[in-house]
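Residues per chain, in single letters:
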Amino acid sequence: MVTSGSQPDSAPRGVPAGNIDAYALFEALTGRKMERRSLPSRTMSEDYEDLGNEDDESPLLGQEPSPDEPPKDVNVGAINPYALVEAIIGHKLDRHSLHTARIISDVLQTDYEELFDLKHNSVLFAGLKLNEQERRAEELSEKEIQILEERDLVTPDLSRVKTLNDLEKIGLKEVGDTRIKMALMRNGKLRLVLDGQSLGRTVGNRDITETINDLVLPFRHGKEDREWTPPNGSWRDMNESIFRAIPRRFMMDGPPFAFGGTNNIHEQYQHRFDDPTQGASSNSWLIAAIFSVFWANPVMINRSTRTLAGPMDRHRRTLSVKFHDKGGRNNADTDTVEVDYQIPVNNSTDMPIYARSSDGYETWPALYEKAFVKWMTRSEDHSQVDLTQAHNGDPIKAMAQLNGREPRYYFTDKHSAAELAGLVRSCSVNKRTISPMAAWTHASGDMFRGSNLVANHAYSVLGWVSEGQDENQYIIVRNPWGITEPRGLTSYPGLLDRVEPEYWPPAALLDRDGVLSIEVQAFKKYFACIGVAK
């Protein structure tokens, strides 16, 4: 309770009578529980900002860089490979294991390092193609998408291949012109890895299985008259699904009971964070926007539900959300939409297939995703909304559609690194953004080889920090997949993949999986655009 009463017995322990409890006030404003015993010790001097030097190229004091002209069409979106593979195989992955990369690579039939860049025609960008000149993604039409059947994925018998000529006999065309991906000479033996696409087809951005199509793409290929339900999924009340899955999570995810310690189930399995996490879809633009608004101002997110009392409603609960008209596609007139708690749940895992909270217990991220898609498609159905319609889009405009402010765009090739850092600082208080910010990466580049930095992908911008003797500026971002790639898979120049409260204090307020710190010069190289809705 937030109080300034003068009764000594009503004041929380450690708070003098007559003073406001700063902890309770913080929790009321942010909607988050603070662990009072885990606050890092910091000196006051650590919180002062370096004023820089005379050669600083930042904008003049008190000025933000001028925003750029809004883009006409933005097709940002990358499928979450972890959630996609879980939906396909019906099992939960250990997202912190190095072995998971091999599982993802095998299920999606693509080398791991080629999954995250559109230039490799990866299935994570199904429905999109690369505009190489402008390094941006463009939409494919339904006619350009081919549904692969089982016989298309069958590979030939290679057991009797003895010479290179034998490769041509089984279907590898023009061996002399075949691309060599890797060559290694060892002990007098030459080992080659050849591109064998002509021998056997694999899934990609244009060629996909019917399962992947129905999970992530809005194309129905002659089945438009059927109600959409994702493969191996069913529409269920989200509260019931969470309740059913609790015993399984205790066994699979929960810590063991400690001898001599607490035996209170509530204490052992108490969750702390409900950050929105992207599911088996390509709507990273939407999930990043939702989290950015939630992070900057939690009171903008409506979690108040009402119960329908009609004879046919059986006391169903609904959530109402207001969205704002900002023009273009993925848009509708300003309106308040209402959705019930029915969401697609995987029949094998009893887990949501699409958006969920990082702790797995909260409902509002999935309901916001459903409400936004219902609004932008002008659907009249309270229950079954085709979530694949939000296939790709604009994260900066989406933030404005959520909070009613105006989107402002800053393309990284038009602004210096100092201007980009200054923009984030001007939108922050105590190194945390107070106006929602998001950014998206280029659709292709030499640096996109792992799941930390992904091409054509949207990220929430959370704040900034300075570090090192030269006070290098870093921008803090969050991947909406909610995953930090296990160390040892990929290296990224200018990126710190572990962000702890000792380094950036606001990290204590969120689930730190997927939170990255990027040096501002590297940010300018990796990202195409950053923006704010205010």
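Above this text sits the structure in question.
All of these numbers come straight from a predicted model, not from anything done at the bench.

Points about the overall build of the protein chain
No. 1: If you tally the helices and strands in the protein chain, you get 12 helices and 21 strands.
No. 2: Scored against the burial criterion, the 534 residues of the protein chain give a buried share of 49%.
No. 3: In the protein chain, the proportion of contacts linking residues at least 24 apart, taken out of those at least 6 apart, comes to 68%.

Topic: the packing of helix α2 (residues 81-89) against helix α3 (residues 99-107)
How two helices pack is summed up by the angle between their axes together with the distance between the axes.
No. 1: The interhelical angle for the contact between α2 and α3, taken along N-to-C directions, is 65°, at an axis separation of 10 Å. Comparing the axis directions of α2 and α3 gives the class roughly perpendicular. Crossing handedness for the pair α2 and α3: left-handed. Between α2, through Pro81, Tyr82, Val85, Ile88 and Ile89, and α3, the contact on the second element is made entirely by Thr100, Ile103, Ile104 and Val107.
No. 2: Here the residues of the contact of α2 with α3 sort into 8 nonpolar, 1 polar and no charged.

A few points about the environment of Ile290
No. 1: Summarising the element assignment, Ile290 is placed in helix α8 (residues 284-296).
No. 2: Overall, Ile290 belongs to the buried group, its relative accessible area being 1%.
No. 3: Leave out the neighbours within four places in its chain, and Ile290 touches Pro276, Trp364, Tyr368, Glu369 and Leu402.

Things to note about the side chain of Glu369
No. 1: Its place among the elements puts Glu369 in helix α9 (residues 364-377).
No. 2: The side chain of Glu369 sits in the buried core without any salt bridge; Arg356 is the nearest counter-charge, 7.6 Å away.
No. 3: A distance of 3.1 Å separates the side chain of Glu369 from the backbone nitrogen of Ala355, its partner in a polar contact.
No. 4: In contact with Glu369, not counting residues within four places along its chain, are Ser281, Asn283, Leu286, Ile287, Ile290, Tyr354, Ala355 and Leu387.

What to know about the packing of α8 against helix α10 (residues 395-403)
No. 1: At a minimum axis separation of 8 Å, α8 and α10 run at an interaxial angle of 50°. Taken as axis vectors, α8 and α10 run oblique relative to one another. Judged by the twist between their axes, the crossing of α8 over α10 is right-handed. Residue-level inspection shows Trp285, Ala289, Ile290, Ser292 and Val293 of α8 in contact with α10, the latter providing Pro395, Ala398, Met399 and Leu402.
No. 2: Broken down by class, the residue content of the contact of α8 with α10 amounts to 8 nonpolar, 1 polar and no charged.

Details of the packing of aromatic side chains
No. 1: Under the counting rule described, the total for this entry stands at 17 aromatic pairs.
No. 2: When the centroid spacing of 5.8 Å and the interplanar angle of 90° are considered together, the rings of Trp364 and Tyr368 count as edge-to-face. With Trp364 and Tyr368 both in helix α9 and 4 residues apart, this pair spans about one turn of that helix. Comparing Trp364 with Tyr368, the two get one shared label, buried.
No. 3: Each residue in the set Phe291, Phe294, Trp295, Trp364, Tyr368 and Trp504 is aromatic and connected to the rest through ring pairs, giving one cluster.
No. 4: It is Arg432 that lies over the ring of Trp295; its NZ or CZ is 4.1 Å from the centre.

Details of the pattern of salt bridges
No. 1: Applying the stated criterion across every chain, the model contains 17 salt bridges.
No. 2: With a shortest N-O distance of 3.1 Å, Asp386 and Arg220 are connected by a salt bridge. Here Asp386 is found in the loop between α9 and α10, whereas its partner Arg220 is found in the loop between α5 (210-216) and β7 (233-237), with 166 residues between them in sequence. We note that Asp386, like Arg220, is buried.
No. 3: Of the charged contacts in the structure, one is a salt bridge between Asp497 and Arg498, with a shortest N-O distance of 3.5 Å.
No. 4: On the basis of relative accessible area, Arg498 is assigned to the partly exposed category, the value being 34%.
No. 5: Within this structure, Asp117, Lys119 and Asp446 form a network of salt bridges that share partners.

Some remarks on the side chain of Asp386
No. 1: Using a relative accessible area of 17% as the deciding quantity, one classes Asp386 as buried.
No. 2: Here Gln389 takes part through its side chain, which lies 3.0 Å from a polar atom of the side chain of Asp386.
No. 3: Among all residues touching Asp386, those that are not within four sequence positions of it are Arg220, Trp228 and Val373.

A look at a nonpolar patch on the surface
No. 1: Nonpolar side chains collect at one region of the surface, where Ile180, Met185, Leu190, Leu192 and Leu194 lie side by side and expose about 470 Å² of accessible area between them.
No. 2: Contributing elements (two or more residues each) for the nonpolar patch: β4 (180-186) and β5 (189-194).
No. 3: For the nonpolar patch, the leading source of residues is β5, giving 3 residues.
No. 4: Tracing the backbone shows Met185 in strand β4.

Concerning α8
No. 1: With 13 residues, α8 ought to run about 18 Å at 1.5 Å a step, and its terminal C-alpha atoms sit 18 Å apart, in line with that.
No. 2: Of all 13 residues in α8, 13 are buried, a share of seventy percent or more.

With respect to the environment of Ala522
No. 1: By the element assignment, Ala522 lies in helix α12 (residues 520-526).
No. 2: A C-alpha to C-alpha distance of 9.2 Å links Ala522 and Tyr492, two positions 30 residues apart in sequence.
No. 3: Excluding residues that lie within four positions of it along the chain, Ala522 makes contacts with Pro493 and Gly494.

Considering the pairing of strand β18 (residues 472-478)
No. 1: In terms of burial, β18 is a largely internal element, 6 of the 7 residues being buried.
No. 2: Examined bridge by bridge, strand β17 (residues 458-467) and β18 share 7 bridges and lie antiparallel to one another. When the sheet's bridge partners are listed, Trp464 is paired in β18 with Ile475.

What counts, and where the lines are drawn
- Residues numbered from 1 in each chain as written.
- Predicted model: local features only at pLDDT ≥ 70, side-chain atom pairs only at ≥ 80, totals over all residues.
- Heavy atoms only, no water.
- Helix = DSSP H or I, 4+ residues; strand = E, 2+ residues; numbered from the N terminus.
- Buried < 20%, exposed > 50% of the residue type's maximum accessible area, 1.4 Å probe, protein only.
- Contact = heavy atoms within 4.5 Å.
- Axes fitted to C-alpha atoms, helices over the stretch in contact; angles between N-to-C directions.
- Parallel < 35°, antiparallel > 145°, perpendicular 65-115°, else oblique.
- Left-handed = near helix turned anticlockwise from the far one by under 90°.
- Nonpolar A, V, L, I, M, F, W, Y, C, P; charged D, E, K, R; others polar.
- Lys, Arg positive; Asp, Glu negative; His and termini not counted.
- Salt bridge = Lys/Arg side-chain N within 4 Å of Asp/Glu carboxyl O.
- Polar contact = N/O pair within 3.5 Å; in protein donor to acceptor, adjacent residues only side chain to side chain.
- Phe/Tyr/Trp six-rings, centres within 6.5 Å; stacked < 30°, edge-to-face > 60°.
- Lys NZ or Arg CZ within 6 Å of the ring centre and 35° of its normal.
- Patch = residues over 30% accessible without salt bridge, like charges linked within 9 Å, V, L, I, M, F, W, Y side chains within 5 Å.
- Areas by Shrake-Rupley, 256 points an atom, 1.4 Å probe, with all protein chains shown as cover.
- Expected span 1.5 Å × (residues − 1).
- Pairing = 2+ DSSP bridges.

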